[in-house]
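So you can see what is in the structure, the chains are spelled out below.
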Amino acid sequence: MANIQDKIAKQFPEATFEDGEILLVNIPDAKWHDLAKFLKEDADLHFDHLITIVGMDWVDKFGCVYQLSSTKYNTQISVKVATEERENPMIHSVYDIWKIATTFEREVYDFFGIHFIGHPDMRRLYLREDWIGHPFRKDYDESLNPLRMTNEEPDDVTQHYEELPDGSVIKKRDVIFDEDEYIINIGPQHPSTHGVLHFRVKLEGETIRKIDPVLGYIHRGVEKLNEQMTYPQTLALTDRLDYLGAMQNRHALCMCIEKAMGVEVSDRVQVIRTIMDELQRIDSHILFFSCLAQDLGATTAFLYGFRDREKILDIFEETCGGRLILNYNTIGGVMADIHPNFQKRVKEFIPYMRKAIREYYDVFINNVIFRNRAIGVGILSKEDCISYGCTGGTGRASGWHNDVRKRMPYAAYDKVQFNEVVRTEGDSYARTLVRMDEILESLSIIEQLIDNIPEGNYQEKMKPIIKVPAGTYYSAVEGSRGEFGVLLESRGDKSPYRLHYRSTGLPLVAVMNHVCQGHMLADLITIGGTLDYVVPDIDR
């Protein structure tokens, strides 16, 4: 970490540093684009993965925290860029360095009103274009936006801010689609968009030329709601993000708060959390298989998957009391100890699921129709996956070793042997095979732990009112769809000052325009299904 700091300080004397688990670099906006380029292109740094951008309102100034990772050296840093201008705050865009910044910066603009100089498309990402104000600002007035029951007409006009040689900035108008272009709507009611997701698709014949995702149909402002909640209350909202990664989402938040407070949970809790996370991963991958099969017309395979998933939900229900919204992890442990039948039922499920996987191949995965629709369709290169931030099975299907369980082991993952499933084809078929193989790896992890759950507390004693020490903290887990991260900024109060979730699905939707271009309209369903996004996770 010292070497990273020395390299940056030598090249950018304006930078200041804050020590912590992750090095934090403060840089003036005027030097930010140069620093970003240096961080990515320098051979000794190679910060090629932009994990997330977190918009911030520090009252006296606006800004962003950029979380960066090097896929070559497995190192992370944070960069803080701020502006004291509140009327018309501006920061230089880095969309030309990391492709996912195109989407992340639109999210920050939507919620904080920060304009990004050089960004090609400064439209809102989630809220209506006629929304007044920016709701994540600390001085936001809720009364400005009464409930609107009218439909929002799609607007094909956008804007960008261009910096002139003299340093002044001008606003320019751009067009998303021309009037004579043929545009069709896929969603938001279409079942194969996996939720209320709306794609505006430009076609030439049946060939896709451009996709414009329209998000926010079920946006609930979860991150804003957290600011009015105590830390235990914030836990309830994580299950309602990616509901097929509920265990993992909540695990990440609890882990972040526990790390900030210096709380160590028992080995029993660590093992239970690991088993539950892997059961959740199997649950998610089974539903991935089932919905993909249904999207492509294979109803029998869809029913096979739902038959098997019920067994996991029964196990969850017995211990957690819920099947989808599980409410199990807590700060300092878990809500209740495992049910007396838990180990017996899990051990019965392991051989059953291994046999069921073979049926999936027989009825669907090896089927010539699916192979023809998936092999060579929707190819993503490793470099594109990294630049767009497509973690999880999507990235691993393109040769990117990105598994958080291997890179930054947590819970009991350092106590088990498992393979990181990686392929190189990068197409829809490879993304399917990766998730099927990951089910087998998850079964192996559970098998190693289920008879070795240590004795100990299932919940550490916590204070009635939980306050997190002032500071900025980041934790991540390997969710069902990739890296699910939590960035917490605390001022030492009983509520978070800022709590941001790194959505696993937002990069997967952001890459749709790139990966679908040149394919047929029918291929959009295959590609979207194998990318495996879940809309409530995107529309936080």
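Scroll up for the structure.
Presented here is an overview of the structure given in this document. Remember, predicted model here, so these are calculated numbers, not experimental data.

Attention now goes to a negative patch on the surface. On the surface, a cluster of negative charge is contributed by Glu129, Glu152, Glu153 and Asp155. With respect to the helices and strands, Glu129 occurs in the loop between β7 (115-117) and β8 (157-163).

Moving on, we come to the packing of helix α6 (residues 246-261) against helix α7 (residues 267-295). The relative placement of two packed helices comes down to the angle between their axes together with the axis-to-axis distance. Orientation of α6 relative to α7, taken along the N-to-C sense of each, is 145°, at an axis distance of 8 Å. Contacts from Ala246, Met247, Gln248, His251, Cys254 and Glu258 of α6 reach α7 at Arg273, Met276, Asp277, Gln280 and Arg281. The residue inventory of the contact of α6 with α7, partitioned by class, reads four nonpolar, three polar and four charged.

Moving on, we come to the side chain of His119. Position of His119 relative to the elements: it lies in the loop between β7 and β8. Owing to a relative accessible area of 0%, His119 belongs among the buried residues under this scheme. Of note is the side chain of His119, whose polar atom sits 2.7 Å from the backbone oxygen of Thr102.

The next point concerns the nonpolar core. Ranked by size, the top nonpolar core spans 154 residues in total, and within it Trp32, Tyr66 and Val79 carry the most contacts. Here this core gets twelve residues from one element, more than from any other, and that element is α7. Once residues lying within four places of it in the same chain are set aside, the contact partners of Val79 are Leu24, Val25, Ile27, Trp32, Leu35, Leu39, Cys64, Val65, Tyr66 and Leu68. The next biggest cluster of nonpolar side chains, apart from the first, holds nine residues, and it includes Ile51, Trp58, Ala476 and Leu487.

All right, on to the sheet that holds strand β15 (residues 471-479) then. Within a sheet, each strand pairs with its neighbour through backbone hydrogen bonds, oriented either parallel or antiparallel. As summarised here, the arrangement of the three strands in space is β15-β16-β17, forming an open sheet in which the pairing is antiparallel. Bordering the open sheet on either side are β15 and β17 (498-502), each of which pairs with just one other strand. On average, adjacent strands in this sheet sit at an angle of 10° to one another, irrespective of strand direction. Judged from the five bridges that link them, strand β16 (residues 482-490) and β17 form a sheet pairing that is antiparallel. Paired with Leu487 across the two strands is His500, which belongs to β17.

This part covers the sheet that holds strand β5 (residues 75-83). The strand order across the open sheet built from five strands is β1-β2-β5-β4-β3, with neighbouring strands paired in mixed fashion. Only two strands of the sheet have a single partner each, and these edge strands are β1 (16-18) and β3 (49-57). For this sheet the average axis-to-axis angle between neighbouring strands, irrespective of direction, equals 25°. Along the sheet, helix α2 (residues 29-41) makes contact with β2 (23-26), β4 (62-70) and β5, crossing β5 at roughly 165°. Lying on the sheet, helix α3 (residues 101-112) is in contact with β3 and β4; it crosses β3 at an angle near 10°.

Looking now at the packing of aromatic side chains. Centre-to-centre distance and the angle between the planes together describe a pair of aromatic rings. All told, the structure shown has 14 aromatic pairs when counted by the stated rule. On the numbers, 4.1 Å between centres and 10° between planes, the contact of Phe289 with Tyr360 is stacked. Of this pair, Phe289 sits in helix α7 while Tyr360 sits in helix α9 (residues 342-365); the two residues are 71 residues apart in sequence, bridging distant segments of the chain. Pair check on accessibility: Phe289 and Tyr360 agree, each one buried. For the pair Phe484 and Tyr501, a centre-to-centre distance of 5.8 Å together with 20° between the ring planes defines the contact as stacked. On the criterion of sequence distance, the pair formed by Phe484 in strand β16 and Tyr501 in strand β17 is long-range, its members being 17 residues apart.

Relative to the assigned elements, Leu225 resides in helix α4 (residues 222-226). For Leu225, a relative accessible area of 39% corresponds to the partly exposed category. Put simply, Leu225 and Met247 are 22 residues apart on the chain and 20 Å apart in space, counted from C-alpha to C-alpha. When neighbours within four sequence positions are excluded, Leu225 is seen to be in contact with Arg220 and Leu237.

This brings us to the pairing of β2. Residue alternation in β2 divides its side chains into two sets, Leu23 and Val25 and Leu24 and Asn26, and both sets are buried. Joining the antiparallel neighbours β1 and β2 is a turn of four residues.

This next bit is on the pattern of salt bridges. This structure, assessed with the given rule, holds 43 salt bridges. The partner of Lys31 in a salt bridge is Glu14, with the nearest N and O atoms 3.8 Å apart. Here Lys31, found in helix α2, pairs with Glu14, found in the loop between α1 (2-11) and β1; they are 17 residues apart in sequence, far enough to count as distant. Among the residues examined, Glu14 registers a relative accessible area of 35% and is labelled partly exposed. Between Asp110 and Arg124 there is a salt bridge, with the nearest N and O atoms lying 2.8 Å from each other. Of the two residues, Asp110 is situated in helix α3 and Arg124 in the loop between β7 and β8; the sequence distance between them amounts to 14 residues. For the pair Asp110 and Arg124, one class covers both residues: buried. Each of Arg106, Asp121, Arg123, Asp156, Arg200 and Asp212 takes part in one network of salt bridges that share partners.

Cut-offs applied
- Residues numbered from 1 in each chain as written.
- Predicted model: local features only at pLDDT ≥ 70, side-chain atom pairs only at ≥ 80, totals over all residues.
- Heavy atoms only, no water.
- Patch = residues over 30% accessible without salt bridge, like charges linked within 9 Å, V, L, I, M, F, W, Y side chains within 5 Å.
- Areas by Shrake-Rupley, 256 points an atom, 1.4 Å probe, with all protein chains shown as cover.
- Salt bridge = Lys/Arg side-chain N within 4 Å of Asp/Glu carboxyl O.
- Lys, Arg positive; Asp, Glu negative; His and termini not counted.
- Charge placed at Lys NZ, Arg CZ, Asp CG, Glu CD.
- Helix = DSSP H or I, 4+ residues; strand = E, 2+ residues; numbered from the N terminus.
- Axes fitted to C-alpha atoms, helices over the stretch in contact; angles between N-to-C directions.
- Contact = heavy atoms within 4.5 Å.
- Nonpolar A, V, L, I, M, F, W, Y, C, P; charged D, E, K, R; others polar.
- Buried < 20%, exposed > 50% of the residue type's maximum accessible area, 1.4 Å probe, protein only.
- Polar contact = N/O pair within 3.5 Å; in protein donor to acceptor, adjacent residues only side chain to side chain.
- Core = buried A, V, L, I, M, F, W, Y, C linked by side-chain atoms within 4.5 Å.
- Pairing = 2+ DSSP bridges.
- Phe/Tyr/Trp six-rings, centres within 6.5 Å; stacked < 30°, edge-to-face > 60°.

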